[in-house]
Amino acid sequence: MIYEEREEEIGTLVGSIMESYAAYPEIIRIGKRNHIDREAIQAAIENLRQLLFPGFFDNGSMCEYTKEFFVRDTLFALRSSLITQIERAYRHQTDEVDGEAPVRAARVTDEFLSRLTEVRRLLALDVEAAFDGDPASTSRDEIVLSYPGVYAITVYRLAHELWELGVPLIPRMMCESAHSKTGIDIHPGAAIGEYFFLDHGTGIVIGETATIGSHVKIYQGVTLGAHSTKGGRKLCGSKRHPDIEDHVTIYSGASILGGDTVIGEHSVIGSNAFITTSVPKNSRITGETVITE
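Keep in mind it's a predicted model, so treat the numbers as computed, not measured.

A. Representation of the packing of helix H3 (residues 67-94) against helix H4 (residues 101-114) within the structure. Contact pair H3 / H4: the axes reach a minimum separation of 8 Å and the direction vectors enclose 130°. With respect to H4, the axis of H3 lies oblique. Once H3 is placed against H4, the crossing between them reads as right-handed. For the pair formed by H3 and H4, the contact residues are Leu75, Arg79, Leu82, Ile83, Ile86, Glu87, Tyr90 and Arg91 on the first element and Ala101, Pro102, Arg104, Ala105, Ala106, Val108, Thr109, Asp110, Phe112 and Leu113 on the second. When its residues are assigned to classes, the contact of H3 with H4 shows 12 nonpolar, 1 polar and 5 charged.

Written out as structure tokens, the structure is:
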């Protein structure tokens, strides 16, 4: 009797969910052969980290005699996996048969892999920025292995290259994966210069159209956001987030908003400041006070 009653209830629920499918078809992808494999994307991130920081994240088997073989094997595996996922991303975007998708995916993957040496150069400077900027750090190894800001920046720099190459979906998936792990939300479209340090990091938000210069240090809870999003989709593609020039420090809890807002070089933004207008270079912001030198 209990099972019969439950079967009837389940049958009613099935009907209700089927009606929901009909009512909201825009969030259905049944029968499509373009699903991006989230686990494959996460695996690619980890393989890329092993390439960028050799010896830190592998199983300990790499040595001076095997590192070249490791790099070669990892690149071949990454290339195959990324081509598949990027092709799926293209097909997902158009939702149509795209005979050029495999060729485009291979071309973009090869270009992305060719940029890894430059990404590694930037990450080496980011690690140095953390080591120089945090007296609590005991070594660069500690920073690479344990600092959430370095993880978030690593994933961002990889995702940004794919974003610049026009790959849909995957860059955002990568950055949101890092967001879920670290509490640091960096949009892959943001442009970030070298020697970048996120101190503590938790709660930092960096929007899509933000630009950040070199030698910038940002503390936890900082938002580089849009002044207002009430325009909704009409704002898509517009400059909505601020520009941070070189050698700026932004302390915890500060909010800097708006696409026309520029923080001039060598400025210091104090904790919990709320800024919606540009600040000249060499400024010191404490609350609502602007001190220029």
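Now that the structure is up, let's keep going.
B. Broad picture of the pairing of strand E14 (residues 283-286). Judged by which residues are buried, E14 turns out to be one-sided: Ser283 and Ile285 face inward and are buried, whereas Arg284 and Thr286, on the alternate face, are not. With 2 bridges connecting them, strand E12 (residues 268-269) and E14 associate as parallel partners. Bridge pairing in E14 links Ile269 to Ile285.

C. The sheet that holds strand E13 (residues 274-275), seen in detail. If you walk across this open sheet you meet the 5 strands as E1-E4-E7-E10-E13, and the pairing is parallel. Two strands lie at the open edges of the sheet, namely strand E1 (185-186) and E13, each paired on one side alone. Relative to E13, strand E10 (residues 255-257) runs parallel, the two being bridged by 2 bridges. In the sheet register, Ser255 faces E13, and the bridge partner there is Phe274.

D. Region of interest: the side chain of Thr182. Tracing the backbone through its elements, the reader meets Thr182 in helix H8 (residues 170-182). The exposure class assigned to Thr182 is buried, which follows from its relative accessible area of 12%. A distance of 2.7 Å separates the side chain of Thr182 from the backbone oxygen of Ala178, its partner in a polar contact. There is a polar contact of 3.1 Å between the side chain of Thr182 and the backbone nitrogen of Ile184. Ignoring any residue separated from it by four or fewer positions in sequence, one finds Thr182 in contact with Pro148, Tyr151, Ala152 and Thr202.

E. Molecular detail of unusual backbone geometry. Even without glycine at this site, His200 takes up a positive phi of about 70°. Mapping His200 onto the fold places it in the loop between strand E3 (197-199) and strand E4 (205-206). Non-glycine residue His266 carries a positive phi angle of around 60°. Summarising the element assignment, His266 is placed in the loop between strand E11 (262-263) and E12. The exposure class of His266 is partly exposed, given its relative accessible area of 36%.

F. Expanded view of a nonpolar patch on the surface. Together, Ile10, Leu13, Val14, Ile17, Met18, Tyr21 and Ile30 give the surface a local cluster of nonpolar side chains, amounting to about 670 Å² of exposed area. Exposure remark for Met18: the relative accessible area of 49% places this residue in the partly exposed category.

G. Spotlight on the sheet that holds strand E5 (residues 211-212). In spatial order, the strands read E2-E5-E8-E11; together these 4 strands make up an open sheet with parallel pairing. Looking at strand neighbours, the two that pair on one side only are strand E2 (191-192) and E11, the edges of this open sheet. Relative to strand E8 (residues 243-244), E5 runs parallel, the two being bridged by 2 bridges. For Ile212, the partnering residue across the bridge sits in E8 and is Ile244.

H. Up close: the pattern of salt bridges. Scanning all chains against the criterion turns up 13 salt bridges. Note that Glu111 is salt-bridged to Arg115, the shortest N-O span being 3.0 Å. Overall, the relative accessible area of 23% leaves Arg115 in the partly exposed class. Residue Arg240 pairs with Glu208 through a salt bridge whose shortest N-O separation is 2.7 Å.

Conventions and cut-offs
- One numbering rule holds for all chains: residues counted from 1, following each sequence as written.
- Local features in this predicted model are restricted to residues of pLDDT 70 or higher, and side-chain atom pairs are both shown and tallied only at a pLDDT of 80 or more, whereas totals for entire chains, interfaces and linings draw on every residue.
- Calculated side-chain values reflect all of the structure's heavy atoms, with hydrogen atoms and water omitted.
- Think of each axis as a best-fit line through the C-alpha atoms, taken over the contacting stretch in the case of a helix, with angles from 0 to 180 degrees between the N-to-C directions.
- Secondary structure elements follow DSSP: runs of H or I no shorter than four residues count as helices, runs of E no shorter than two count as strands, and numbering proceeds from the N terminus.
- With respect to orientation, any angle under 35 degrees is reported as roughly parallel, any angle over 145 as roughly antiparallel, any angle of 65 to 115 as roughly perpendicular, and every other angle as oblique.
- By definition, turning the near helix anticlockwise from the far helix through less than a right angle yields a left-handed crossing, and turning it clockwise yields a right-handed one.
- Between two residues, a contact is recorded if the distance between any of their heavy atoms is within 4.5 Å.
- Gly falls in the polar group here, along with every residue not listed as nonpolar (Ala, Val, Leu, Ile, Met, Phe, Trp, Tyr, Cys, Pro) or charged (Asp, Glu, Lys, Arg).
- The buried label applies to any residue whose accessible area, calculated with a 1.4 Å probe on protein chains only, is under 20% of its type's maximum; exposed applies above 50%, and partly exposed to all values in between.
- We call two strands paired when DSSP finds no fewer than two bridges between them.
- Definition of a polar contact: a pair of N or O atoms within 3.5 Å, with one able to donate and the other able to accept a hydrogen when the atoms are protein atoms, and with sequence-neighbouring residues admitted only if both atoms are side-chain atoms.
- Here the term patch refers to residues with relative accessible area over 30% and no salt bridge, with like charges joined within 9 Å and nonpolar side chains (Val, Leu, Ile, Met, Phe, Trp, Tyr) within 5 Å.
- Using a 1.4 Å probe, the Shrake-Rupley method yields the accessible areas, and only the shown protein chains count as cover for residues.
- In what follows, salt bridge is the name for a side-chain nitrogen of Lys or Arg lying within 4 Å of a carboxyl oxygen of Asp or Glu.

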